[in-house]
Structures are given as structure tokens and as C-alpha cells.
2 protein chains.
Amino acid sequence: MKTLVIVSHPEIENSMVQNFLKASCAGLEEVTWHVLPSILDVAFEQAQLKTHDRIILQFPLYWYAAPASLKNWLDTVLTGDFAFNGSQPLAGKEFGLVVSTGIAAKHFQAGGSEQATMSEILRPYELVARKLGMTYLTPFVIHQLGYWSETAKQLLVVDYQRYLSQQNFTLTDKVAWFQAQLAQRQAVAEDEAQQQQLVLIGEQLAEQSELLTDLNWQVQMIRQEEGEG
Amino acid sequence: MKTLVIVSHPEIENSMVQNFLKASCAGLEEVTWHVLPSILDVAFEQAQLKTHDRIILQFPLYWYAAPASLKNWLDTVLTGDFAFNGSQPLAGKEFGLVVSTGIAAKHFQAGGSEQATMSEILRPYELVARKLGMTYLTPFVIHQLGYWSETAKQLLVVDYQRYLSQQNFTLTDKVAWFQAQLAQRQAVAEDEAQQQQLVLIGEQLAEQSELLTDLNWQVQMIRQEEGEG
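The shown structure was predicted, so the numbers you read here are calculated from the model rather than taken from an experiment.

Asker: Even after reading the chapter, I still don't get a negative patch on the surface, so can you show me in this structure?
Answerer: Residue and element names in this part refer to chain A. On the surface, a cluster of negative charge is contributed by Glu203, Glu207, Glu210 and Asp214. Locating glutamate 203 in the fold gives a position in helix H9 (residues 192-228). The partly exposed category is assigned to glutamate 203, whose relative accessible area is 47%.

Here it is in C-alpha cells:
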């Protein structure tokens, strides 16, 4: 699965969030990092969309929407003829959003100072995905990264990498994704001790995963019996 | 009351809707028609906002939002320092939207092909108005103007003029607005016959308006008695 990350930010060099996210996905082979240039090559942009399976729009939230450069990209690249009249070259692909904001999560709800949920605010993008015949992924929203602890940021790296590269968002695929990551790290592990530790984590993960499969099976059986009873 | 109409359209000369709306408001003295230039003079834009009471953003709906030039205007002109940190120079003013679309109204509802209402789609603008402390007016949406009859278009001129220049949107103000328009026309009427006709319309309007006031009064009395009973 190939992922295209389209980044829109008017001052990207100075953006702590964008620098953090760029560093976070540096090791991912199947991910194309694409910062929107000031002058768009429409044919190139359209071709790139066709050769990727998951399209991510990544931006800071300004006035409840993406910056103007991303709107310009939507208006210019996604022409009716390319996107939905006739063939639908993007249909069936996935459409994700990575949105950063300096406002705390608690404000985005009824009664909060923003009075609206992120789902409501980002609804126009959901409608874009729908129009293109794409699957809308749950937006990946990062609130106030500046205040996060180092541990929280490390977990964010993993979550972000999964958002970009995990095939599906089921638990089975999550486990598979982690196992693939472990195998990759094992291959480049520096000493034997480190390698053994990674093997151990892999084994534990496999064990837990089997246990979970068993539990799921039992839950299904109980439900079936209840249904019959 | 002074109204500022901020128009965003990438090909405004060729836009039938924008040409129609421009012609429709040509006679209105208190209305400033402002097409967004490609390079913004931020200080001028901010000053203009301060000297008007009703701010209208007017645009065609592209990908469920305004064109990029309006987003650029929002991002550039409405800086935090100008708009909401410290003093709130736009608080208390009115915020309206004039939105055109080539898609029929019936599609903007649950089960319609667009799957969302205009209220949902335009919600981010409602949130902008809220953030600025402005009163959000019900959006003025024009669907598929190309298919309208001449009569319908004539009524649209009146509705659009009212949206721009009617003080409040109560029935009393509606009548007052029509009476002011009639007086203005009487002053420039070409012959006596035309003038007499306008006087007649004015008298009828006043009569109907009095009748309506009486009826409203009676309804209030009935409600009061019911409340007491």
C-alpha cells in the first residue's frame, strides 16, 4: 500500500508540528511526503494521486479549515473531468486527514469554547471524499503538541506511522503492523542483546494475539447461545 | 447601515451569477462592492471591515467551501491580533454569506446526492462569525440560476437587495424597506401616471401593514387570555 501525504502549511520550516511529523515518517518506505509548492503542476499532482492508495491531507486548522494553499489544490487539481465526471480514478482509495491545532481537544464539543466537534468542522472534507468515491478515514487530530511529554510524543510517532502505513485499522492488522515493524528492527539491530529483546517482544505479541483470538471466539459463542436461548 | 460585499470568484468576468448580482445591487448607495484582488492590502481590508456594519462573503461553492482566494483572505486579513485577541473590532456587526451553486437545492439534504444540508456545509463560516463575535445571518443561497425564469430572477433582485440593505429581517422592517424603495422610485419617476401608480402601491402597502399590525395585536390578546384561562 502506497501513501501520499500532501502537506499544506504557509510557514512549514518554522512549524514544530510539521517538522515532528516529517521526522516521524522518515523511515517509512511506502510513504511519499509531498509539500505543496506555490505553483502547482496539475498533471503531476493528478498522476501522483493515481499511483497511491491512501491520500492524506495534512495541515494546521486555520479558521476551521485547511490553509488557502490546500483549497487552491482542491480547486485546481480535482477538476470535475479528472475527479468525478466519467471515470473516477480515485474511487476505492482511502482519504485521511492529519490536522493540527493549538486549541485543546476539550473545546471542540457542545458547550466548549469552539461550540463544534472536529467531525462537524471537518465535514466538508468528508463530503469531498464521498464525492470522489473514497473511503473517509477517521481524522488524525493533534491538539497542542507543544505541551506534550516526551513519552506521549513517542507514542504519537507510532500512532502517526500506523495512520500512514497500517493496511486496515482492525486489531488483527494492528498486530500484524507491529510484527512487521519488529521484524524490520530485528534485521538492523546492532547487538545480540538488542536482537534477543526484540525477539522476546515479538513472541509476547504473538502470544497475546492468540489469547485475544481465543477470547473473541468465546464471546462469539456466548452471543450465539444467547441468541438461540 | 453600511454593507460590504466581499466577492471571491476565480473567473468573475465570465460568471453569470456574479454579473447578475453586481447589476442587482448597482442602485444601492450604502453597499460597497469589493472583488478580492490577487494581492491583498491587509491594512486596507481591515480598515474596510471596521467602517461597515454588515459583512457579506459572496462566492460560488467549490468543493463544499469558498474558493482559495477567500480562504487566503480569511487567513491573511483576520489575524488573531486584529480579530479576536484584545479588542474585537467586528463584534456586534453582521456576517452574511451569498453562495451560488450549480447543484439543485433538493440534493442538499439527507438522502439527497450531496448527503448534507447547506447549514452543515457552511458551518465553518458560522464558527468564524461566532469567533469574531458577529451575528450570523441565514445564508443566501442561489441554486442553478441558469435555469431560472425572468420573473423569478426579478424577485431574486429584490430578495438580494433586501439581504444586503434591509436593516433587520422582521416583517416591520421589510415593509419599511419596501416603502423606502417606493419613495426613492417616486422621486425619480418619469411621468405623472407612473408616479401616481407608485403612490397607490405605497398606500396599499401602508393599509396592509396596518391590517397586519391589528391582526398581530389580536393574536397577542388571544394568547394572553389563553395563558390566563
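Asker: Can you help me understand the UniProt feature "domain: Flavodoxin-like fold" (unreviewed entry) in chain A in this one?
Answerer: Listed under "domain: Flavodoxin-like fold" (unreviewed entry) in the UniProt record, and renumbered for this structure, are residues 1-154 of chain A. Across residues 1-154 of chain A, helical content stands at 32% and strand content at 20%; the span's end C-alpha atoms are separated by 24 Å.

Asker: Would you explain the packing of aromatic side chains in this entry?
Answerer: Counted according to the given criterion, the structure contains 14 aromatic pairs over all chains. With a centroid separation of 5.5 Å and 40° between ring planes, the pair formed by B:Phe59 and B:Tyr125 is classed as tilted. Of this pair, B:Phe59 sits in strand S3 (residues 54-60) while B:Tyr125 sits in helix H6 (residues 123-131), and the two are 66 residues apart along the sequence. A network of ring pairs unites the aromatic residues A:Phe140, A:Tyr160, A:Tyr163 and A:Phe169 as a single cluster. It is A:Lys131 that lies over the ring of A:Phe84; its NZ or CZ is 5.4 Å from the centre.

Asker: Hey, could you run me through the relation of the copies chain A and chain B in this one?
Answerer: For the match of chain A to chain B, the screw axis carries a shift of 0.1 Å, the RMSD comes to 0.1 Å, and the turn is 180°. Here the symmetry operator amounts to a two-fold rotation axis. Distance from the rotation axis, computed per C-alpha, reaches its smallest value in chain A at A:Ala68: 2.5 Å. Both copies share a contact surface, since 100% of the interface residues of chain A are interface residues in chain B too.

Parameters and conventions
Residues numbered from 1 in each chain as written. Chains lettered and ligands numbered in written order. Predicted model: local features only at pLDDT ≥ 70, side-chain atom pairs only at ≥ 80, totals over all residues. Heavy atoms only, no water. Patch = residues over 30% accessible without salt bridge, like charges linked within 9 Å, V, L, I, M, F, W, Y side chains within 5 Å. Areas by Shrake-Rupley, 256 points an atom, 1.4 Å probe, with all protein chains shown as cover. Salt bridge = Lys/Arg side-chain N within 4 Å of Asp/Glu carboxyl O. Lys, Arg positive; Asp, Glu negative; His and termini not counted. Charge placed at Lys NZ, Arg CZ, Asp CG, Glu CD. Helix = DSSP H or I, 4+ residues; strand = E, 2+ residues; numbered from the N terminus. Buried < 20%, exposed > 50% of the residue type's maximum accessible area, 1.4 Å probe, protein only. UniProt positions renumbered as here; feature names shortened; annotations may be inferred. Phe/Tyr/Trp six-rings, centres within 6.5 Å; stacked < 30°, edge-to-face > 60°. Lys NZ or Arg CZ within 6 Å of the ring centre and 35° of its normal. Least-squares fit on C-alpha atoms with pLDDT ≥ 70 in both. Contact = heavy atoms within 4.5 Å.

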